[in-house]
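What follows is each chain in one-letter form.
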Amino acid sequence: MTYEKCPVTITLNIIGGKWKPVILWNLSEGPLRFSELKKSIPAINQMTLTKQLRELERDGMILRNVYPEVPVRVEYSMTETGMSVIPVLVSLCLWGIEYS
């Protein structure tokens, strides 16, 4: 099996990194606006959050919903595919608790 076709590599390409698991974890509770996500992850800067959200949307993990209001309201929510990774994040969380 090549590196690119390894299931672990594929998974980490989609949900790996410093911020994507945290973003997904926060969105698993329900839809959030950009500002709410930013408040829930104070250490992330706006540009990085925007980039990570775009990547998660591109990969089908989250939806970006734009409401035609003034001012425009944008909410992010989990897709079914995104929700399917929550048990993996729970396992990582439990492992982290045991490891620390």
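Note that the structure is predicted; figures quoted are calculated from it, not measured.

Rules behind the numbers
Residues numbered from 1 in each chain as written. Predicted model: local features only at pLDDT ≥ 70, side-chain atom pairs only at ≥ 80, totals over all residues. Heavy atoms only, no water. Helix = DSSP H or I, 4+ residues; strand = E, 2+ residues; numbered from the N terminus. Phe/Tyr/Trp six-rings, centres within 6.5 Å; stacked < 30°, edge-to-face > 60°. Buried < 20%, exposed > 50% of the residue type's maximum accessible area, 1.4 Å probe, protein only. Salt bridge = Lys/Arg side-chain N within 4 Å of Asp/Glu carboxyl O. Axes fitted to C-alpha atoms, helices over the stretch in contact; angles between N-to-C directions. Parallel < 35°, antiparallel > 145°, perpendicular 65-115°, else oblique. Left-handed = near helix turned anticlockwise from the far one by under 90°. Contact = heavy atoms within 4.5 Å. Nonpolar A, V, L, I, M, F, W, Y, C, P; charged D, E, K, R; others polar. Core = buried A, V, L, I, M, F, W, Y, C linked by side-chain atoms within 4.5 Å.

A.B. asks: What is the right way to read unusual backbone geometry from this model?
C.D. replies: Cis geometry marks the peptide bond from Val70 to Pro71; its omega dihedral reads -5°. With respect to the element layout, Pro71 can be found in the loop between β2 (62–67) and β3 (73–78).

A.B. asks: Where do I start with the packing of aromatic side chains in this structure?
C.D. replies: What describes a pair of aromatic rings is the distance from one ring centre to the other and the angle between the planes of the rings. Evaluated as defined, the whole model comprises one aromatic pair. A ring pair is formed by Trp95 and Tyr99, whose centres lie 4.9 Å apart and whose planes are at 10°; its orientation type is stacked. Placement of both Trp95 and Tyr99 in helix α6 (residues 86–99) is noted, with a separation of four residues, approximately one turn of the helix. Across this residue pair, the class does not change: Trp95 and Tyr99 are exposed.

A.B. asks: Can you walk me through the pattern of salt bridges in this structure?
C.D. replies: Opposite charge on two side chains makes pairing possible when the charged atoms of those side chains draw close. Counted under the stated rule, the structure contains five salt bridges. Taking the shortest distance from any N to any O, the salt bridge between Lys51 and Glu55 comes out at 2.7 Å. You can see Lys51 and its partner Glu55 sitting in helix α4 (residues 46–58), four residues apart, about one turn around the helix. According to the relative accessible area criterion, Lys51 is partly exposed, its value standing at 48%.

A.B. asks: Just checking my understanding: could you explain the packing of helix α2 (residues 20–27) against α6 for this structure?
C.D. replies: A pair of packed helices is characterised by two quantities: the angle between their axes and the separation of those axes. Between α2 and α6, whose axes approach to 11 Å, the crossing angle comes to 115°. On the basis of their axis angle, the class for α2 and α6 is roughly perpendicular. Where α2 crosses over α6, the two elements pack in a sense that is left-handed. Contacts from Pro21, Leu24 and Trp25 in α2 reach Ile86, Leu89 and Val90 in α6. Taken together, the residues that form the contact of α2 with α6 break down as six nonpolar, no polar and no charged.

A.B. asks: How do you make sense of the nonpolar core when you look at a structure like this?
C.D. replies: Generally speaking, a soluble globular protein has its nonpolar side chains buried in company with each other. In terms of nonpolar packing, the biggest core is built from 20 residues, with Ile23, Leu24, Leu27, Leu37 and Ile62 touching the most fellow members. Only α2, α4, β3 and α6 provide two or more residues apiece to this core. Leaving out residues up to four positions away in the same chain, Leu24 has contacts with Ile15, Leu56, Met61, Ile62, Met78, Val85, Ile86 and Leu89.

Shape is all these values report; function is a separate question.
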